[in-house]
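Structural overview
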There are 2 protein chains.
Amino acid sequence: MQSKNFDRTDMEILAALQGNGRLSSAELAERVSLTPSPCWRRVKRLEDEGVIRGYRTEIDVRKLGFNVTAFVLISLDQKAAERVKAFEDAVKRVPEVLSCHCVSGRYDHQLTVIARDLDAFGELTRYVLGALPGVKEVYTSFVLKEVKGSGHAISLPAE
Amino acid sequence: MQSKNFDRTDMEILAALQGNGRLSSAELAERVSLTPSPCWRRVKRLEDEGVIRGYRTEIDVRKLGFNVTAFVLISLDQKAAERVKAFEDAVKRVPEVLSCHCVSGRYDHQLTVIARDLDAFGELTRYVLGALPGVKEVYTSFVLKEVKGSGHAISLPAE
DNA sequence: GGTGAAAGCGAGGACCA
DNA sequence: TGGTCCTCGCTTTCACC
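Quick look at the structure, then. Since this is a predicted model, take the numbers as computed values, not measurements.

1. So, the side chain of H109(A)
Locating H109(A) in the fold gives a position in strand β4 (residues 109–115). The exposure class of H109(A) is buried, given its relative accessible area of 1%. Excluding residues that lie within four positions of it along the chain, H109(A) makes contacts with V72(A), L73(A), I74(A), L76(A), V84(A), F87(A), E88(A), C100(A), H101(A), C102(A), V103(A) and V147(B).

Here it is as structure tokens:
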């Protein structure tokens, strides 16, 4: 829990790696004007310190037939810790829920959900999400278009 | 742009690759009970067909000192196409905006935004986001906790 | 941070079942 | 389609400037 000791080169490495998580030390080194060894050492350090949480493959869910993506906002009937935990544990087990964040504001949780079509989405909210423990209110906001991708974070806002 | 022709093995490959985007064909093959070659061929196909959109590195922005993450909902004063485009082009250039989706419902766009602290976030919404072309209303929902990660999509909801 | 080098392994093709 | 070599090239990783 700190933000120490990350210089411009580290940020460049992270930016490059974010765009392509499979860059080798050699390729990476070239992009940030270094040689493979020190570059590799930096990456290792970033991994060890947890700045790099992991390497993921980005999947186009629409190509898999999931044509509906929505942000689903949920408020719970009780905010007591154990009640909330029951909901959160349950939501983790729903595969159609890609992510879930506890948020401030009008609702308690925001989920990112996918479904094959509107029918499937309807069933999902009604019989699965609506039935999760403690759910009081459900608000849906469908994703109409991705304007800026989830894949290009950090273009050096630091410094 | 279809869903067809992806069997259980393909889904297993995608699931494995999502958890670790750096798996080699050999490691991957082992996890899905195959040998490297056919496994590699499947991955290649998934890449070619665009199911695999790319390989990314997941970064812990808090470790970089970005302690505030928020979903920012925005509604525009006009919904005319060129007006919307002006906003979207501008939002893409703001590095603190990690993602931006056009959504249905009370607001037009949902952004994911990071900032070093609340002060910085305040400045950002007031002077940067609030000043983007066409912005009429801004609603902020702070992320209090990540319950289910953005990194574990697709645990085989298909089939 | 840079260099050099050793050992290893990973990609990708040819070919068969 | 899956399986088995095979092989070249590159990557990793270390010891030393």
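2. Some thoughts on the relation of the copies chain A and chain B
Between the two copies of this chain, the relationship is a rotation about some axis together with a displacement along it. The transformation that overlays chain A on chain B combines an axial shift of 0.0 Å with a rotation of 180°, and the residual RMSD is 0.1 Å. In short, the pair behaves as if placed about a two-fold rotation axis. Minimal C-alpha distance to the rotation axis in chain A is attained by R56(A), lying at 2.6 Å. Here 99% of the contact residues of chain A are again contact residues in chain B; the copies associate through an equivalent surface.

3. Re the sheet that holds strand β4 (residues 109–115) of chain B
By definition, the strands of a sheet pair up through backbone hydrogen bonds, in either a parallel or an antiparallel sense. The strand order around the closed barrel built from eight strands is β2(A)-β4(A)-β3(A)-β5(B)-β2(B)-β4(B)-β3(B)-β5(A), with neighbouring strands paired in antiparallel fashion. The mean angle between the axes of side-by-side strands here comes to 40°, regardless of whether they run parallel or antiparallel. Where strand β2 (residues 68–76) of chain A lies against strand β5 (residues 135–148) of chain A, seven bridges are found, and the strand directions are antiparallel. Its bridge partner lying in β5(A), S75(A) is registered against E137(A). In the packing of helix α5 (residues 118–129) of chain A onto the sheet, contacts are made with β2, β3 (97–103), β4 and β5 of chain A, and the angle to β4(A) comes to roughly 140°. The sheet strands contacting helix α5 (residues 118–129) of chain B are β2 (68–76), β3 (97–103), β4 and β5 (135–148) of chain B, and the helix crosses β4(B) at an angle near 140°.

4. Describing the packing of aromatic side chains
Applying the stated rule across the entire model yields four aromatic pairs over all chains. One cation-aromatic arrangement involves R22(A) over Y55(B); the distance from NZ or CZ to the ring centre is 4.0 Å. Over the face of the ring belonging to F66(A) we find R116(A), whose NZ or CZ atom lies 4.6 Å from the ring centre.

5. Topic: the pattern of salt bridges
Taken as a whole and assessed by the stated rule, the structure comprises 32 salt bridges over all chains. Measuring nitrogen to oxygen at the nearest pair gives 2.7 Å for the salt bridge that ties E88(B) to K145(A). Within this pair, whereas E88(B) is found in helix α4 (residues 81–92), its partner K145(A) is found in strand β5, the two belonging to separate chains. Residue E88(B) is classed as buried on the basis of its relative accessible area, which comes to 6%. The partner of E146(A) in a salt bridge is R53(B), and the shortest N-O contact between them spans 3.7 Å. Separated into two different chains, E146(A) in strand β5 and R53(B) in strand β1 (residues 52–59) make up a pair that spans both.

6. A closer look at the protein's contact with DNA strand C
Around DNA strand C sit L34(A), T35(A), S37(A), P38(A), R41(A), R42(A), S24(B), S25(B), A26(B), S37(B) and W40(B), and that is every residue in its neighbourhood. Per the 4 Å cut-off to the protein, sugar and phosphate atoms form 70% of the nearby atoms of DNA strand C. Between DNA strand C and R41(A), the relevant distance is 3.3 Å, taken from a base nitrogen to a side-chain nitrogen or oxygen of the residue. Contacts to DNA strand C include S25(B), whose backbone N or O atom sits 3.2 Å from a phosphate oxygen. Broken down by secondary-structure element, the contributors of at least two residues to the surface near DNA strand C are α3 (36–48) of chain A together with α2 (25–31) and α3 (36–48) of chain B. Considering each element in turn, the surface near DNA strand C owes the most residues, four residues, to α3(A).

7. A short note on the protein's contact with DNA strand D
Contacts to DNA strand D come from S24(A), S25(A), A26(A), S37(A), W40(A), L34(B), T35(B), S37(B), P38(B), R41(B) and R42(B). Those atoms of DNA strand D that come within 4 Å of the protein belong to sugar or phosphate at a rate of 63%. In the environment of DNA strand D, a base nitrogen lies 3.1 Å from a nitrogen or oxygen atom belonging to the side chain of R41(B). Where the surface near DNA strand D is concerned, the elements lending two or more residues are α2 (25–31) and α3 of chain A together with α3 of chain B. Per-element accounting of the surface near DNA strand D gives the leading share, four residues, to α3(B). For the surface near DNA strand D, the class distribution of residues is four nonpolar, five polar and two charged.

Reading guide: rules and limits
- Residues numbered from 1 in each chain as written.
- Chains lettered and ligands numbered in written order.
- Predicted model: local features only at pLDDT ≥ 70, side-chain atom pairs only at ≥ 80, totals over all residues.
- Heavy atoms only, no water.
- Helix = DSSP H or I, 4+ residues; strand = E, 2+ residues; numbered from the N terminus.
- Buried < 20%, exposed > 50% of the residue type's maximum accessible area, 1.4 Å probe, protein only.
- Contact = heavy atoms within 4.5 Å.
- Least-squares fit on C-alpha atoms with pLDDT ≥ 70 in both.
- Pairing = 2+ DSSP bridges.
- Axes fitted to C-alpha atoms, helices over the stretch in contact; angles between N-to-C directions.
- Phe/Tyr/Trp six-rings, centres within 6.5 Å; stacked < 30°, edge-to-face > 60°.
- Lys NZ or Arg CZ within 6 Å of the ring centre and 35° of its normal.
- Salt bridge = Lys/Arg side-chain N within 4 Å of Asp/Glu carboxyl O.
- Near = heavy atom within 4 Å.
- Polar contact = N/O pair within 3.5 Å; in protein donor to acceptor, adjacent residues only side chain to side chain.
- Nonpolar A, V, L, I, M, F, W, Y, C, P; charged D, E, K, R; others polar.

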